[in-house]
Amino acid sequence: MSEKYVVDGYSFKTQEEAAIAVNEIEGIEYLRKRTNFKNPQSVLSVYDKIIDKELFKTPIGYGFLRELQQILYNAADIEPDSIRNIPVAAADEKKSRKSKDKKNKKLYLMPEEQEKKYKNKITNLIILNVFIVIALILVIIITNNSENTNILNYRERLEREYNEKEDELAAWDSQLREKEHQLNEREKEITPES
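The structure reproduced in this document is the subject of the present report. Counting from 1, residues in each chain are numbered in the order their sequence is written. Local features are withheld for residues below a pLDDT of 70 in this predicted model, meaning they are given only at 70 or higher, and side-chain atom pairs are given and counted only at 80 or more; totals for whole chains, interfaces and linings count all residues. Only heavy atoms go into the side-chain values, all of them from the structure, while hydrogens and water stay out.

**Structural notes on the pattern of salt bridges**
What makes a salt bridge here is a side-chain nitrogen of Lys or Arg within 4 Å of a carboxyl oxygen of Asp or Glu, nothing more. For the coordinates displayed, the defined rule picks out six salt bridges. For Glu 67, the salt bridge goes to Arg 32, with nearest N and O atoms at 2.8 Å. Taken together, the residues span a long stretch of sequence, with Glu 67 in helix H3 (residues 59-74) and Arg 32 in helix H1 (residues 15-34) at a distance of 35 residues. Note on Arg 32: relative accessible area 38%, which makes it partly exposed. Close ionic contact of Arg 155 with Glu 159 constitutes a salt bridge, the shortest N to O distance being 3.4 Å. Of this pair, Arg 155 and Glu 159 both sit in helix H6 (residues 154-190), separated by four residues, roughly a single helical turn. Taken together, the salt bridges that share partners define one network made up of Asp 48, Asp 52 and Arg 84. We count a stretch as a helix when DSSP gives it H or I for four or more residues in a row; a strand needs E for two or more, and each element gets its number in order from the N terminus. Accessibility here uses a 1.4 Å probe with only protein chains present; expressed as a share of the type maximum, an area under 20% marks a residue as buried, one over 50% as exposed, and anything in between as partly exposed.

**Describing unusual backbone geometry**
Positive phi values are uncommon outside glycine, yet Asp 8 reaches one of about 50°. Positive phi outside glycine occurs at Glu 54, with the angle close to 50°. Relative to the helices and strands, Glu 54 is located in the loop between helix H2 (40-53) and H3. By relative accessible area, Glu 54 is classed as partly exposed at 45%.

**Topic: the packing of H2 against H3**
One way to put it is that H2 packs onto H3 with a least axis distance of 10 Å and a crossing angle of 145°. Helix-helix and strand crossings are classified by hand; for H2 and H3 the assignment is left-handed. Counted together, Pro 40, Val 43, Leu 44, Val 46, Tyr 47, Ile 50 and Ile 51 of H2 and Phe 64, Leu 65, Leu 68, Gln 69, Ile 71 and Leu 72 of H3 form the full contact between these two elements. Here the residues of the contact of H2 with H3 are counted per class, giving 12 nonpolar, one polar and no charged. Note on definitions: angles span 0 to 180 degrees between N-to-C directions of axes, and those axes are lines fitted to C-alpha atoms, for helices only across the stretch in contact. Here a crossing is taken to be left-handed if its near helix is turned anticlockwise relative to the far helix by less than a right angle, and right-handed if that turn runs clockwise. Pairs of residues are marked as contacts when any of their non-hydrogen atoms sit within 4.5 Å. Amino acid classes used here: Ala, Val, Leu, Ile, Met, Phe, Trp, Tyr, Cys and Pro are nonpolar; Asp, Glu, Lys and Arg are charged; the rest, including Gly, are polar.

**A word on H3**
Helices are assigned an expected span. That span is 1.5 Å times one less than the residue count. Look at H3: 22 Å from first C-alpha to last across 16 residues, which is about the 22 Å you get at 1.5 Å a residue. For H3, the full list of buried residues reads Ile 60, Gly 61, Tyr 62, Phe 64, Leu 65, Leu 68, Gln 69 and Leu 72. Among the structural elements, strand E1 (5-7), strand E2 (10-12), H1 and H2 are those in contact with the buried residues of H3.

**Here's the deal with the packing of aromatic side chains**
Ring geometry is summarised as follows: Phe, Tyr and Trp rings, the Trp one being its six-membered ring, pair when their centres sit within 6.5 Å, and such pairs are stacked at plane angles under 30 degrees, edge-to-face over 60 and tilted between the two. Counted by the stated rule, this structure contains one aromatic pair. With a centroid separation of 6.1 Å and an interplanar angle of 85°, the aromatic rings of Phe 56 and Phe 64 are classed as edge-to-face. For Phe 56, a relative accessible area of 9% translates into the label buried. Assessed through its relative accessible area of 3%, Phe 64 is described here as buried.

**Looking at the nonpolar core**
Think of a nonpolar core as a cluster: buried Ala, Val, Leu, Ile, Met, Phe, Trp, Tyr and Cys residues, connected wherever their side-chain atoms sit within 4.5 Å. Ranked by size, the top nonpolar core spans 24 residues in total, and within it Tyr 47, Ile 50, Phe 56, Phe 64, Leu 65, Leu 68 and Leu 72 carry the most contacts. Among the elements of the structure, H1, H2 and H3 are those that each provide at least two residues to this core. In this structure, Ile 50 is in contact with Leu 31, Leu 55, Phe 56, Phe 64, Leu 65 and Leu 68, ignoring residues within four places of it in sequence.

**Quick look at the side chain of Thr 58**
Residue placement: Thr 58 occurs in the loop between H2 and H3. Note on Thr 58: relative accessible area 5%, which makes it buried. Pairs of N or O atoms are called polar contacts if they sit within 3.5 Å, as long as, within protein, a hydrogen donor faces a hydrogen acceptor (for residues adjacent in sequence, only side-chain-to-side-chain pairs). For Thr 58, the side chain forms a polar contact with the side chain of Glu 24, separated by 2.3 Å. If near-sequence neighbours (up to four positions away) are discounted, Thr 58 is found in contact with Phe 12, Glu 17, Ile 20, Ala 21 and Glu 24.

**Comments concerning a nonpolar patch on the surface**
Surface patches are drawn from residues lacking salt bridges whose relative accessible area is over 30%; two like charges belong together within 9 Å, two nonpolar side chains (Val, Leu, Ile, Met, Phe, Trp, Tyr) within 5 Å. Using a 1.4 Å probe, accessible areas were evaluated by the Shrake-Rupley method; residue-level cover was limited to the displayed protein chains. The grouping of Ile 122, Ile 126, Ile 127, Val 130, Phe 131, Ile 134, Leu 138 and Ile 142 at the surface amounts to a nonpolar patch, some 770 Å² of accessible area in total. For Ile 134, the location among the structural elements is in helix H5 (residues 112-145). For Ile 134, a relative accessible area of 43% corresponds to the partly exposed category.

Structural data, given as structure tokens:
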């Protein structure tokens, strides 16, 4: 297996781990410039802060902590009991910390296979949504043009039915009046005038 991510002589499995190592190197350089290594109390303070904040997670950072620890053990005015051991995160703890970091950052690199899979899913969802929109439009058109009364055309249909009934009643009324007139005419013919 080829070494993909090498930082300062250490090989890392992922680009994320290598980026963490690069950040640790930059942090170590910063601390080297800012820390007075001739003052053991200053070194102890930096050492304790690094451990408390769990700043280092790679062998590069652990190496720097080991270097600080050796300086403290060699210092005459520092009690060996006051020098804390270097906590090393277990592999499971590193994985859980990585998953927490991913959740917190919400930005991570996606393998090409997953990217293609998600692109295919997105494409399928877009096609499905287009079909659903087309089906919805067709349902609205069919419903609007159907002869049955529905929520889209009920007013128009009711007005049309009302007008048709009104026209029928008017026609029936005129027929009735005409018949009545004819009956009155016959009655006049039958009844003699006095």
